[in-house]
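Listed here are the chains, written in short residue letters.
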Amino acid sequence: MPFSDYNVAIIGAGPVGLFSALRLSNLGVSCVVLEAENELPEDLRASTFHPPTLDILEDAGIADRLIAQGRVCPTWQIRRHPDHDYVEFDLSVLSEDTRHPYRLQCEQSRLCKLLLKEVLEREKIDVKFGYRLTDLTQDDTRVSLAFETSDGAETIEARYVIGADGSRSQVRQALNFPFEGLTYPETTILATTRFPFEEHLPNLSGINYVWKEGGTFSLLHLPDLWRCSLYPDADEDIEDALKPESIQRKLQEIVPNEDGYEVEDTRRYRIHMRIVDDYRNGRVILAGDAAHINSPSGGMGMNGGLHDAWFLTQALHEVDQGAPIERLDRYTRQRRPVAEEQILKQADANRKRMQERNPERRSEMFAQLKEKVSSRDTLHAHLLHSSMIAGWRQSMAID
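Residues numbered from 1 in each chain as written. Predicted model: local features only at pLDDT ≥ 70, side-chain atom pairs only at ≥ 80, totals over all residues. Heavy atoms only, no water.

**Regarding the sheet that holds strand 12 (residues 160–163)**
To be explicit about the condition: Two strands qualify as a pair provided DSSP detects at least 2 bridges between them. Runs of H or I in DSSP of at least four residues are treated as helices and runs of E of at least two as strands, each being numbered from the N terminus.
The six strands lie next to each other as 8-2-1-12-19-18, forming an open sheet whose pairing is mixed. Each having just a single partner strand, strand 8 (125–129) and strand 18 (280–281) make up the two edges of the open sheet. Both strand 1 (residues 8–11) and strand 2 (residues 31–35) contribute to a ladder of four bridges, which runs parallel. Within strand 2, the position partnered with Ile 11 by the bridge is Leu 34.

In structure tokens, the structure reads:
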């Protein structure tokens, strides 16, 4: 299909871009996905899927395949180490609020592969890898996109553009949108291992955020391995903390293992909290990390981006059916307040709680959390927010 026949060009073949393409196809809107890299990435990224995300993936026809590749986690915990005391959050109380009252632990890359396979089978979608955006201009009728490819420069036009190209979004930069916020001081180190922590730490959940003396770590159980979030010690710089002996020492502090840990992969990343003022400029609209980024504590970033994609594609469908272009402003009204008030603030609060170092303050917070889960009503209210159902409902209520 010639590019001139596409209604929507989607920049970025991550989960937000590919899900946007699938949704548009299901709604009868043609589109093209253009990705700067030559293939889908396999590196460590998001791994938590919340209940409303699984609901919309089910509506799109792919949730069952994703669930089959992941680990269903009906609970999550905040723990203390090494005394192993914990507060457990049981998501079964959400059974009347969602068709999926649990979190799913599954690599983001698995979702992208499923989405890519699905969209490549659709007649109204095309996917192009190796297209790096270099410029963007627009008028009242179309958007012109300039790309650098292995075959040289190429210009593509579309009626609308979705910028789903991540936190370093070239689309956002082309629009000169400020990305206000902050960068947190700590660096997180992700390490994966097949060591069976569940056989050594009593009553361990599939999702665990843990206080230790003077620090914190987390353990997330994927189908075949554990994903461990570690942090440099007070006297370490990041380069020292990334050394194999430092990662070994930190894992040994969790569970002593005389055979040593076989670490399969590591990755470091900085944590940010940023958001744009408006998600739209003319015919160009931002979604996911291109519009907002947050601490990964609580696993809400990718999920929020997928929710963005659902509401944005609904708005684009209505415009495609004849609604005025101003209908796209409803998408910003629906999603930006949720990103700012629910996702960014919750993720920031989650991070601050786990970064707390004062023992007395930790004890107070731990007691408050235990009180929260002691009543079904207070647990339910808390999980509506932490599981992103409240944010989804807030968006749905905005016209």
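**Considering the packing of aromatic side chains**
Defined as follows: Two rings belonging to Phe, Tyr or Trp (six-membered ring only in the last case) form a pair when the distance between their centres is within 6.5 Å. Interplanar angles under 30 degrees mark stacking, angles over 60 mark edge-to-face geometry, and anything in between is tilted. Burial here depends on accessible area, computed with a 1.4 Å probe over protein chains only, as a share of the maximum for the residue type. Under 20% is buried, over 50% is exposed, and the range in between is partly exposed.
Scanning the model with the defined rule gives twelve aromatic pairs in all. Consider the rings of Phe 197 and Tyr 261, whose centres lie 5.9 Å apart with planes at 20 degrees: the pair is stacked. With Phe 197 in the loop between strand 13 (180–193) and strand 14 (207–212) and Tyr 261 in the loop between helix 7 (244–254) and strand 17 (263–275), this pair connects stretches of sequence that are 64 residues apart. What makes Tyr 261 buried here is its relative accessible area of 6%. Three or more aromatic residues link up through ring pairs in this structure, and these residues are Phe 195, Phe 197, Trp 226 and Tyr 261.

**A few points about the pattern of salt bridges**
Operational definition: We define a salt bridge as a side-chain nitrogen of Lys or Arg found within 4 Å of a carboxyl oxygen belonging to Asp or Glu.
Tallied over the full model, the rule gives 35 salt bridges. Two residues, Arg 45 and Asp 43, come together in a salt bridge whose shortest N-O distance is 2.9 Å. With relative accessibility at 37%, the residue Arg 45 sits in the partly exposed group. With relative accessibility at 34%, the residue Asp 43 sits in the partly exposed group.

**Description of helix 4 (residues 108–120)**
Put simply, the rule is: A helix is expected to reach a length of 1.5 Å times the quantity of its residues less one. Only heavy atoms enter the contact rule, under which two residues are in contact if any of them lie within 4.5 Å.
The terminal C-alpha atoms of helix 4 lie 18 Å apart, and with 13 residues this matches the ideal 18 Å at 1.5 Å per residue to within 8%. Buried residues of helix 4: Gln 108, Ser 109, Leu 111, Cys 112, Leu 114, Leu 115, Leu 116, Glu 118 and Val 119, and no others. Elements that come into contact with the buried residues of helix 4 comprise helix 1 (15–26), strand 3 (48–49), helix 2 (51–59), helix 3 (63–69), strand 8 and helix 8 (301–320).

**Side note on the side chain of Gln 77**
Formally: What qualifies as a polar contact is a pair of N or O atoms within 3.5 Å, subject to a donor-acceptor requirement within protein and to the restriction that residues adjacent in sequence count only when both atoms come from side chains.
Here Gln 77 is to be found in strand 5 (residues 75–80). What makes Gln 77 buried here is its relative accessible area of 0%. A distance of 2.8 Å separates the side chain of Gln 77 from the side chain of Glu 88, its partner in a polar contact. A distance of 2.7 Å separates the side chain of Gln 77 from the backbone oxygen of Asn 203, its partner in a polar contact. Not counting residues within four places of it along the chain, the set of residues in contact with Gln 77 comprises Tyr 86, Val 87, Glu 88, Asn 203, Leu 204, Ser 205, Ile 207, Asn 208 and Tyr 209.

**Focus: the packing of helix 8 against helix 9 (residues 329–355)**
Quick reminder of the rule: An axis is simply a line fitted to the C-alpha atoms; with a helix, the fit covers only the stretch in contact. Between two such axes, the angle follows the N-to-C directions and lies from 0 to 180 degrees. Reported orientations rely on four angle classes, namely roughly parallel under 35 degrees, roughly antiparallel over 145, roughly perpendicular from 65 to 115, and oblique for the rest. Amino acids are sorted into nonpolar (Ala, Val, Leu, Ile, Met, Phe, Trp, Tyr, Cys and Pro), charged (Asp, Glu, Lys and Arg) and polar (every other residue, Gly among them).
Two elements in contact, helix 8 and helix 9, have axes separated by 9 Å at closest approach and are oriented at 170 degrees. Considering the angle they form, helix 8 stands roughly antiparallel to helix 9. Between helix 8 and helix 9, the residues in contact are Gly 304, His 307, Asp 308, Phe 311, Leu 312, Ala 315 and Glu 318 and Arg 330, Tyr 331, Gln 334, Arg 335 and Ile 343, respectively. Class assignment for the residues of the contact of helix 8 with helix 9 results in five nonpolar, three polar and four charged.

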